[in-house]
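Per-entry structural report
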Amino acid sequence: MEAVAEKVEVIVCSSEKKQGSNEEEWSTMLKVGRCRSVPRSSTMIIAWNLRGLNKMGKIKEISSRFVGLNPDIVVLIETRVKDNKAGAVRNKLNLRGEYVDNYQRHENGRIWVFWNDNKVGLTVVKVTQQMIHCSIHDTMGRWRYWLTAIYVMNQLEHRQKLWKDIEDIQCNQQGPWCIIGDFNNVVTSNDKIGGRQVQEHEYKDLCSMMERTGLYEMDSTGDHFTWTNKQRDNAIYSRIDRILGNIDWHQQHMDFTLHIMSPSVFDHAMLCLKENQLSRIQRKHFKFRNCLVEMEGYSNTVARSWNEHLPGRHMYVVWKKLQRLQPHLRALGKPLRDVQRNIVLVRNLL
């Protein structure tokens, strides 16, 4: 953990040296504000492309959706609100804590990030036209993970610039990391229905970047598609909003579920990453004992559990199968725990 903290310090210090040389260079904290605070609740991250937040009807709809959710972090994308009106719009939203945006990198401030400072801390590391890269820590200052909020532009040169920035970030940090937001890009041809057929070259660069950086898409519940053109005739559906995470992120958040929420009056669905309530109950960590492989029934137990079908993306399936296997191995290894307990009892009697 100390090594990670040192890495953050190096990045922030280097940003101070480069700041002002280019609008896409490393940047320190930008436009930080204060809102009200609320008590702690379960862990939750929300991301939502609003495609405009200037109408009162949209503002009321968003505020009503946030009532009762009390998220830790909220990423609002493509607000289309001018800088001089942003404060008034923020005050009408049901959000608490602090915020940061990227108006100094794009005139329309395409990305707003809010966080509840009663539950988490956030330090901005890099800001560009298309992303806000942050370090997330708890209220005691202990580092937890990296988070990158993005809105990908449609122009090919801008996309390639963002993919390059993400690769540079990956080379300069360690630990759990997730990217959340609107990628404006599918990952496979199955991520779109209707309209013009998806060609491989349209998502090749994104998939190559994911492979080079070790980022994998997080599986989700609810509707597969996250955007629709809202047309009855010639309807188009696509999955362009998502969460990517590295191996450390997925392992750290195995007890979290990504919900694709109803888009309501909007084109894009709301992404809601939420900690499962059962995971908040403290439980013992699983410990694999090498001698289990010598026990009768081990191979059949593993094969029976592993061969049972589980839908989802490859990495998700592997982790879920490992989770599903744990209780079976615990039951198989129960005699070993009884032996250890008896040894301790006998030692106490001597």
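For the structure, see preceding data.
Read on for a plain summary of the structure. (Residues numbered from 1 in each chain as written. Predicted model: local features only at pLDDT ≥ 70, side-chain atom pairs only at ≥ 80, totals over all residues. Heavy atoms only, no water.)

Note that Gly333 resides in the loop between helix H8 (314-332) and helix H9 (334-349). On a C-alpha basis, the gap between Gly333 and Arg289 in space is 8.1 Å, while along the polypeptide they are 44 residues apart. (Helix = DSSP H or I, 4+ residues; strand = E, 2+ residues; numbered from the N terminus.)

Below, the discussion takes up the side chain of Lys119. Mapping Lys119 onto the fold places it in the loop between strand S5 (111-115) and strand S6 (121-127). Assessed through its relative accessible area of 2%, Lys119 is described here as buried. Polar contacts involving the side chain of Lys119 include one to the side chain of Asp72, which spans 2.8 Å. (Buried < 20%, exposed > 50% of the residue type's maximum accessible area, 1.4 Å probe, protein only. Polar contact = N/O pair within 3.5 Å; in protein donor to acceptor, adjacent residues only side chain to side chain.)

Glancing now at helix H3 (residues 83-91). Every buried residue of H3 is listed here: Ala86, Val89 and Arg90. Mapping the buried residues of H3 onto a view down its axis gives an arc of 95°, with all of them on the same face. In H3, the exposed positions angled more than 90 degrees off the buried face are occupied by Asn84 and Asn91. (Arc of directions from axis to C-beta.)

If you walk through the whole model with that rule in mind, you get seven aromatic pairs. Summarising the aromatic geometry, the rings of Trp112 and Phe114 are spaced 6.2 Å apart at their centres and angled 65° between planes, so their arrangement reads as edge-to-face. Residues Trp112 and Phe114 agree in their burial class; the two are buried. Taking the centre distance of 6.3 Å and the plane angle of 45° together, the rings of Phe225 and Tyr237 count as tilted. Here Phe225, found in the loop between strand S12 (220-222) and strand S13 (227-228), pairs with Tyr237, found in strand S14 (residues 237-238); they are twelve residues apart in sequence, far enough to count as distant. A residue is classified by how much of its surface remains accessible, and Phe225, at 15% relative accessible area, is buried. Members of the aromatic cluster, connected to one another through ring pairs, are Trp48, Phe66 and Phe266. Cation over ring: Arg90 sits above Trp112, and NZ or CZ is 4.4 Å from the ring centre. The ring of Phe183 has Arg242 lying over it, and the distance from NZ or CZ to the ring centre is 5.4 Å. (Phe/Tyr/Trp six-rings, centres within 6.5 Å; stacked < 30°, edge-to-face > 60°. Lys NZ or Arg CZ within 6 Å of the ring centre and 35° of its normal.)

Inspection of the entire model under this criterion finds 13 salt bridges. Between Arg242 and Glu217 there is a salt bridge, with the nearest N and O atoms lying 3.4 Å from each other. Here Glu217 lies in strand S11 (residues 216-217) and Arg242 lies in strand S15 (residues 241-245), a separation of 25 residues in the sequence. Take Arg242: its relative accessible area is 0%, and that puts it in the buried class. The buried category is assigned to Glu217, whose relative accessible area is 9%. Sharing partners across several salt bridges, the network here consists of Asp191, Glu217, Arg239 and Arg242. (Salt bridge = Lys/Arg side-chain N within 4 Å of Asp/Glu carboxyl O.)

This next bit is on the environment of Gln323. Its place among the elements puts Gln323 in helix H8. For the pair formed by Gln323 and Phe286, sequence separation is 37 residues and the distance between their alpha carbons is 9.5 Å. Among the polar contacts listed, one links the side chain of Gln323 to the side chain of Lys320, at a separation of 3.2 Å.

Attention now goes to the sheet that holds S15. Strand order across the open sheet formed by six strands is S6-S7-S8-S9-S15-S11, with mixed pairing between neighbours. Strands with a single pairing partner mark the edges of an open sheet, and in this sheet they are S6 and S11. Bridge count between S11 and S15: two bridges; the pairing is antiparallel. Residue pairing across strands places Glu217 opposite Leu244, the latter belonging to S15. (Pairing = 2+ DSSP bridges.)

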